[in-house]
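# Understanding the architecture of this molecule
Here is how the chains run, residue by residue.
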Amino acid sequence: MPPAGAEYRIRVRMTARAVDEPHRSASQLELLFDLTFVVAVAAVTAQFAHHVAEGHALSGLLPFLQVFFAVWWAWMNFTWFASSYDTDDAAYRLLTMVQMAGVLVLAAGVPAASDHGDYLLITVGYLIMRAALVAQWLRVASEHPESRRTALRYAGGIGLLEVGWGLRLLLAEAGGLPPAAQLPSFALLAALELTVPWWAERERETTWHPHHIAERYALFTIILFGESVLAVSDGVRGALEASHVSGGLVIVAVSGLVLLFALWWLYSLLPSGQGLSSRRHVSYLWGYGHFGVFAALGALGAGLEVAVEQTGHDIAASSLAIAYAVAVPTAVFVVLLWLTHLPLLGSRGLPPLAALGGAAAVLLIPLAAPGAGVAFVVAALAGAAVLIVFISLPAVSRFCFGARTSRWDEVLE
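What comes next is a walk through the structure. Predicted, not measured: the structure shown is a model, and the values here were computed from it.

## A word on the nonpolar core
Phe68, Trp137, Tyr217, Phe294 and Phe333 are the most contacted members of the largest nonpolar core, which totals 122 residues. In terms of residues, this core owes the most to one element, helix 2 (residues 57-85), which gives 16 residues. Residues in contact with Phe68, not counting those within four places in the same chain, are Val44, Leu224, Phe291, Phe294 and Ala295.

Following this line, the structure appears as structure tokens:
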């Protein structure tokens, strides 16, 4: 028992969490953080769908990828930081909420960036998020001596690049950045952003939790699937309001949902947490590779939205372009899902036949669009996705359950 009258001051310090902490899962604050990204992802997807519908998918692709990079990179940096240093005290919560505010500012700037190349709000929102993360790393440097040098490398690298992004914005606003230099300058700064974690953790690796990271990535994947479901739902609602219900609408809507469910099933098959636990050294390949996985899902939502819209309205995009707006993201998702998990799971992940053969089939199906129509193509793509899942189930089940025979093995035999 403490002596009578004794005073104690409790202070939460920013110390690293254990790598093998049991029952580690996403916190309520992390879920709230993800909620703000729903707004950003919805804005990016809606703008790309607009470009696809107007027949300008290729010209809209680059702005889509640039803005999506800012969204993804800000989310990813917070996610890995929180996996190591989530103290959940007042200071941590407040700085996290500042990052959330930055996300909303970024989301507000998406239309201007996509339509007019105006990245003012995008950059300001991004800088707000990154400034709050720098403050978090400086707190680690102050309160966790073992990781001080790593934290200072993170803070210094992020801070220096913030200056770079700020200068790029000032030059662009003042007319001092030629149009031909805008993309190379973005690519250079983005590449340097990707090197900061690799450089900082050469000093001392942070104690991120493999199963927690796998769960966080799965949750962000669900957000992207949810945006696609919302896109299909909005298209159906618009058709109902305009009294344009048709057989094609029903086929596209149902097939789109089947396609999304099959791709989610494919993603959920892979035991990323187990792979990250045993092969932490390949986490960069897995984590960075998800940019393509996530971007493909965002683009797929835009493609499905346009596929639903064309059943009741005349739009500028051709049936072939709309079909490929659904097929290309689907194929990219499948191939990148296989590639990102290959370093973790090796031959025990998705079978190459399912990934590469399935992607090839998906890219060939839209050639039937001019004659058969978009509804037929979306239905065929959904069937191909289901087949990819069916082929992949036995191989992944053997990895998950060891030598035991799964029910799917029995079905196939």
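## Focus on the packing of helix 9 (residues 247-269) against helix 11 (residues 283-309)
The N-to-C vectors of helix 9 and helix 11 enclose an angle of 170°; their axes lie 10 Å apart at closest approach. By the angle class used here, helix 9 and helix 11 are roughly antiparallel. Facing helix 9, whose interface residues are Leu249, Val252, Gly256, Leu259, Leu260, Leu263 and Tyr267, helix 11 presents Trp286, His290, Leu300, Leu304, Ala307 and Val308. Partitioned by chemical class, the residues of the contact of helix 9 with helix 11 number 11 nonpolar, two polar and no charged.

## A short note on unusual backbone geometry
In terms of backbone geometry, most residues other than glycine have negative phi values and most peptide bonds are trans. Positive phi outside glycine occurs at His23, with the angle close to 60°. When you line up the elements, His23 lands in the segment before helix 1 (28-53). One non-glycine residue, Asp88, adopts positive backbone phi at about 55°. Within the secondary structure, Asp88 is located in the loop between helix 2 and helix 3 (90-108). Given a relative accessible area of 36%, Asp88 falls into the partly exposed group.

## Focus: the pattern of salt bridges
In total, this model carries nine salt bridges according to the counting rule given. Where Arg216 meets Asp34, a salt bridge forms, and the shortest distance between an N and an O atom there is 2.6 Å. Taken together, the positions of Arg216 in helix 8 (residues 210-241) and Asp34 in helix 1 put the pair 182 residues apart, joining distant regions of the chain. Like Arg216, the residue Asp34 is buried in the burial classification. Residue Arg139 pairs with Glu143 through a salt bridge whose shortest N-O separation is 3.3 Å. On the criterion of helical spacing, the pair formed by Arg139 and Glu143 is a turn pair, its members being four residues apart in helix 5 (residues 120-143). Each member of the pair, Arg139 as well as Glu143, carries the same accessibility label: buried.

## A word on the environment of Ser319
As for its position among the elements, Ser319 is in helix 12 (residues 319-345). Judged by relative accessible area, Ser319 falls into the partly exposed class, the value being 26%. Spatially, the C-alpha atoms of Ser319 and Ala295 are 23 Å apart, while their sequence positions differ by 24 residues. With near-sequence residues (within four places) excluded, Ser319 lies in contact with Ala369, Pro370 and Val374.

## A few points about a nonpolar patch on the surface
A cluster of nonpolar side chains, contributed by Val250, Val254, Val258 and Val386, occupies part of the molecular surface with about 300 Å² of accessible area. Broken down by element, the nonpolar patch gets its largest block of residues, three residues, from helix 9. Locating Val258 in the fold gives a position in helix 9. Since its relative accessible area comes to 34%, Val258 is described here as partly exposed.

## Here's the deal with the packing of helix 11 against helix 12
Running from N to C, helix 11 and helix 12 point in directions that differ by 160°, and their axes come no closer than 8 Å. One way to sum up the angle between helix 11 and helix 12 is to call them roughly antiparallel. In terms of crossing hand, the pair formed by helix 11 and helix 12 is left-handed. Split into classes, the residues belonging to the contact of helix 11 with helix 12 amount to 20 nonpolar, seven polar and no charged.

## Re the packing of aromatic side chains
For the coordinates displayed, the defined rule picks out 30 aromatic pairs. Taking the centre distance of 5.2 Å and the plane angle of 75° together, the rings of Trp75 and Tyr217 count as edge-to-face. With Trp75 in helix 2 and Tyr217 in helix 8, this pair connects stretches of sequence that are 142 residues apart. For the pair formed by Trp75 and Tyr217, the shared burial category is buried. Through a chain of ring-to-ring contacts, three or more aromatic side chains come together here, namely Phe48, Phe64, Phe68, Phe69, Trp72, Trp73, Tyr126, Trp165, Phe186, Tyr284, Tyr288 and Phe291.

## Looking at helix 3
Helix length check: helix 3 (19 residues) gives 27 Å between terminal C-alpha atoms against 27 Å at 1.5 Å per residue, within 8%. Looking only at helix 3, the buried set comprises Tyr92, Thr96, Gln99, Met100, Gly102, Val103, Leu106 and Ala107. Angular distribution of buried residues about the axis of helix 3 spans 155°; they occupy a single face of the element. In helix 3, the exposed residues that point more than 90 degrees away from the buried face are Ala90, Leu94 and Ala108. Looking at the buried side of helix 3, the elements it contacts are helix 1, helix 2, helix 4 (110-116) and helix 5.

Calculation notes
- Position numbers for residues start from 1 in each chain and track the written sequence from start to end.
- A pLDDT threshold of at least 70 governs which residues receive local features in this predicted model, and a stricter bar of 80 or more applies before side-chain atom pairs are shown or counted, although totals over entire chains, interfaces and linings include all residues.
- The basis for every side-chain value is the complete set of heavy atoms in the structure, and neither hydrogens nor water enter the calculation.
- Residues grouped as a nonpolar core are buried Ala, Val, Leu, Ile, Met, Phe, Trp, Tyr and Cys residues, joined through side-chain atoms within 4.5 Å.
- Throughout, exposure labels follow a simple rule: accessible area from a 1.4 Å probe, protein chains only, divided by the maximum for the residue type, with under 20% read as buried, over 50% as exposed, and the rest as partly exposed.
- Each helix is a run of DSSP H or I of at least 4 residues and each strand a run of E of at least 2, with the numbering of both proceeding from the N terminus.
- Two residues qualify as a contact provided that any one of their heavy atoms is within 4.5 Å of a heavy atom in the partner residue.
- Structural elements are reduced to axes, namely lines fitted to C-alpha atoms, with helices fitted over the stretch in contact, and the angle between N-to-C directions of any two is expressed from 0 to 180 degrees.
- An angle below 35 degrees is treated as roughly parallel, one above 145 as roughly antiparallel, one from 65 to 115 as roughly perpendicular, and anything else as oblique.
- Think of it as three bins: nonpolar holds Ala, Val, Leu, Ile, Met, Phe, Trp, Tyr, Cys and Pro, charged holds Asp, Glu, Lys and Arg, and polar takes everything else, Gly as well.
- Just to be clear on terms, a salt bridge is a Lys or Arg side-chain nitrogen sitting within 4 Å of an Asp or Glu carboxyl oxygen.
- Patch construction takes residues with relative accessible area above 30% that form no salt bridge. Like charges are linked within 9 Å, and nonpolar side chains (Val, Leu, Ile, Met, Phe, Trp, Tyr) are linked within 5 Å.
- Accessible surface is estimated by sampling points in the Shrake-Rupley manner with a 1.4 Å probe; for residues, cover comes only from the protein chains shown.
- Left-handed describes a crossing whose near helix is turned anticlockwise from the far helix through less than a right angle; right-handed describes the clockwise counterpart.
- The criterion for an aromatic pair is that two Phe, Tyr or Trp rings (for Trp, the six-membered ring) have centres within 6.5 Å, with stacked assigned to planes under 30 degrees apart, edge-to-face to planes over 60 apart and tilted to the rest.
- A helix's residues, less one, multiplied by 1.5 Å, set its expected span.
- The arc in question is traced by the directions running from the helix axis to the C-beta atoms.

No statement about biological role is implied by the geometric values presented.
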